[in-house]
Amino acid sequence: MRDQYGRELNDLRISLTDRCNLRCVYCMPEEGIDFRPPEELLRDGELLLLVRIAAELGVMRVRLTGGEPTVRPAVVDLVGAIGAVPGIRDLSMTTNGILLEYLAADLARAGLRRVNVSLDTLDPQKFGRITRGGRVERVLAGIARAEAVGLLPMKINAVVVRGFNEEDVVSLARLTLERPWEVRFIEVMPFGAVADVADAGIVTSEETMARIEAALGPLEAIDLSGGDPARTYRLRAAAGTLGFISPVSQPFCSKCGRLRLTADGRLRLCLLRDDEVDLLTPLRRGASYDELKEIFAAGAYRRPFGHALAERLFPEKRVMIQIGG
Ligand code: SAM
Ligand code: SF4
């Protein structure tokens, strides 16, 4: 399956829920968020039908996200069922790690291959401030458990926000000296309702790299071509690697082959634009399998190209917790 710009689409991110057990400042506003009532969210059977359609259209890789995917009821069974859909070769999850200590073993047994764990700082107080009350030791215990049960390679995602954690990139990068992890630094994206987090100024990947090099020495580039938007480097003699994801300063739209399915059954055509295709309504109106497949493929085909962050045109309809990153 390709879109109108010829980009191959074999990667699907599925948001399992719009709820979360944390409340990160860049992901959701303090209040006023419009959570969908449960009856407006895709049920397990509906979700599996859409995954089957996606796989028939060429999707091979699925990443589960949210909200926090681990708070979805019966998530382990759902992981097993998605992994069993013919054509799905790689099933991973992006999680805040809070529940991984308890769920990692069952998720691995059900067929999950890898996790990306979000961790913006190792400092308990700063972690509490960024996540509005989360406890970093829970995440660290979750990471340890995930490694122990073989959810590898371990990737850590840190969103860098000025005034919150821009100095903490050094201690996060230092982790790779001893551990075979990929620690990835992500530029914060301004969504309408949380655009204020970007107002103090985006911390570009360039700035983060300079800060890490000043403290820990030169970064050696590693050439890992492929679909991953991260540019990868290594500190001298390090066990792990560092990735830099720069959606704001160096957009990677030409290489983006990602489709996103929201928890309320919309195909989101670009993370940073509000264009969506409603799949839930036709599904519930009784559209046939072939009709749904046609709606899915036609929507995917018209994916837009490029965002308009430079002109301060931010996505307004949803924030990340409602999309799935
Ligand atoms: N709850 C899970 C987690 O935190 O990993 C999965 C969902 S979360 C929306 C997915 C990723 O999006 C996380 O790594 C998070 O840090 C990132 N994210 C959320 N809001 C963002 C923003 N405004 N800019 C950049 N990344 C963001
Ligand atoms: Fe929750 Fe993840 Fe958003 Fe933080 S980034 S509020 S953990 S969904």
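Read on for a plain summary of the structure.

So, how was this worked out
Every chain begins its residue count from 1, and numbering advances along the sequence as written. Whichever chain is written first becomes A and whichever ligand is written first becomes 1, with later ones labelled in order. Per-residue local features of the predicted model are confined to residues with pLDDT of at least 70, and side-chain atom pairs are confined, for both listing and counting, to 80 or more; whole-chain, interface and lining totals are unaffected and use all residues. Excluded from the side-chain calculation are hydrogens and water; included are all heavy atoms of the structure. Residue proximity to a molecule or strand is established when one non-hydrogen atom of the residue lies within 4 Å of it. Polar contacts, as counted here, are pairs of nitrogen or oxygen atoms within 3.5 Å of one another; within protein the pair requires one atom able to donate a hydrogen and one able to accept it, and residues that are adjacent in sequence qualify only if both atoms are side-chain atoms. Residue burial considers only the protein chains on display, and all accessible areas are found by Shrake-Rupley using a 1.4 Å probe. Each helix corresponds to a stretch of at least 4 residues labelled H or I by DSSP, and each strand to a stretch of at least 2 residues labelled E; elements are numbered beginning at the N terminus. Residues are grouped as follows: Ala, Val, Leu, Ile, Met, Phe, Trp, Tyr, Cys and Pro are nonpolar; Asp, Glu, Lys and Arg are charged; every other residue, Gly included, is polar. For two strands to be treated as a pair, DSSP must find at least two bridges joining them. Under this scheme, a helix contributes an axis fitted over its contacting stretch, all axes are lines through C-alpha atoms, and angles between N-to-C directions fall in the 0 to 180 degree range. Contacts were defined at the residue level, with two residues in contact if any of their heavy atoms lie within 4.5 Å. One less than the number of residues in a helix, times 1.5 Å, gives the span that helix is expected to have. Working definition: with a 1.4 Å probe on protein chains only, accessible area under 20% of the residue-type maximum means buried, over 50% means exposed, and in between means partly exposed. Arc definition: it is the arc formed by the directions from the helix axis to the C-beta atoms. Here, the term nonpolar core denotes a set of buried Ala, Val, Leu, Ile, Met, Phe, Trp, Tyr and Cys residues that are joined through side-chain atoms within 4.5 Å. Crossings are assigned a handedness: left-handed for a near helix turned anticlockwise from the far helix by less than a right angle, right-handed for a clockwise turn.

**Details of the site of ligand 1**
Taken together, 18 residues form the shell around ligand 1, and within it Tyr 26, Gly 67, Glu 68, Ser 118 and Met 189 come nearest. Measuring from a nitrogen atom of ligand 1, one finds a side-chain N or O atom of Glu 68 at 2.9 Å. Within the contact set of ligand 1, a nitrogen atom lies 2.8 Å away from a backbone nitrogen or oxygen of Met 189. Protein coverage of the free-state accessible area of ligand 1, which is 550 Å², stands at 94%. Of all the elements in the fold, those that place two or more residues in the shell around ligand 1 are strand 3 (90-95) and strand 5 (155-160).

**Some remarks on the site of ligand 2**
Taken together, Cys 20, Leu 22, Arg 23, Cys 24, Cys 27, Gly 67, Asn 96 and Ile 321 make up all the residues around ligand 2. Classifying every residue of the shell around ligand 2 gives five nonpolar, two polar and one charged.

**Examining the sheet that holds strand 8 (residues 231-235)**
One open sheet holds the twelve strands; their spatial order is 7-8-9-6-5-4-3-2-1-10-11-12, and the pairing between them is mixed. Strand pairing shows two members of the sheet lacking a second neighbour, strand 7 (219-222) and strand 12 (276-278), which therefore form its edges. The average undirected angle you get between the axes of adjacent strands in this sheet is 25°. By the bridge criterion, three bridges tie strand 4 (residues 114-118) to strand 5 in an arrangement that is parallel. The partner of Asn 116 across the bridge, within strand 5, is Lys 155. Across the sheet, helix 9 (residues 289-301) lies against strand 10 (258-261), strand 11 (266-268) and strand 12, angled at about 170° from strand 12, the strand it touches most.

**What about helix 7 (residues 205-216)?**
The end-to-end C-alpha distance of helix 7 is 16 Å, a good match for the 16 Å that twelve residues give at a rise of 1.5 Å each. The complete set of buried residues in helix 7 reads Ser 205, Thr 208, Met 209 and Ile 212. Along the axis of helix 7, the buried positions cluster into a sector of 100°, meaning they face one direction only. In helix 7, those exposed residues whose orientation departs by more than 90 degrees from the buried face are Glu 206 and Ala 214. Buried-residue contacts for helix 7 involve strand 5, helix 6 (169-178), strand 6 (182-187), strand 7, strand 8 and strand 9 (241-245).

**Observations regarding the nonpolar core**
Among the nonpolar cores identified, the biggest contains 99 residues, and Tyr 26 and Phe 185 are the most heavily contacted of them. Ignoring any residue separated from it by four or fewer positions in sequence, one finds Phe 185 in contact with Ala 158, Val 160, Val 169, Leu 172, Ala 173, Thr 208, Ile 212, Leu 242, Gly 243, Phe 244 and Ile 245.

**A few points about the environment of Gly 286**
With respect to the element layout, Gly 286 can be found in the loop between helix 8 (280-284) and helix 9. Gly 286 sits in the exposed class, given a relative accessible area of 56%. Along the sequence, Gly 286 and Arg 135 sit 151 residues apart, while their C-alpha atoms lie 44 Å from each other.

**Observations regarding the pairing of strand 1 (residues 11-15)**
With five of five residues buried, strand 1 is to be regarded as a mostly interior element. Of the two faces of strand 1, both are covered, the one formed by Asp 11, Arg 13 and Ser 15 as well as the one formed by Leu 12 and Ile 14. Pairing of strand 1 with strand 2 (residues 61-65), which is carried by five bridges, proceeds in the parallel orientation. Looking at strand 2, one finds that Leu 12 is bridged to Val 62. As paired strands, strand 1 and strand 10 are joined by four bridges and run parallel to one another. Across the sheet, Leu 12 pairs through a bridge with Leu 259, a residue of strand 10.

**Topic: the packing of helix 1 (residues 44-56) against helix 9**
Axis angle and axis distance: for two packed helices, these are the angle between their axes and the distance between the axes, and together they describe the pair. One way to put it is that helix 1 packs onto helix 9 with a least axis distance of 10 Å and a crossing angle of 65°. As helix 1 runs across helix 9, the sense of the crossing is right-handed. Across from Leu 49, Leu 50, Arg 52, Ile 53, Ala 54 and Glu 56 in helix 1, the residues of helix 9 making contact are Tyr 289, Leu 292, Lys 293 and Phe 296. Looking at the contact of helix 1 with helix 9 residue by residue, the classes come out as seven nonpolar, no polar and three charged.

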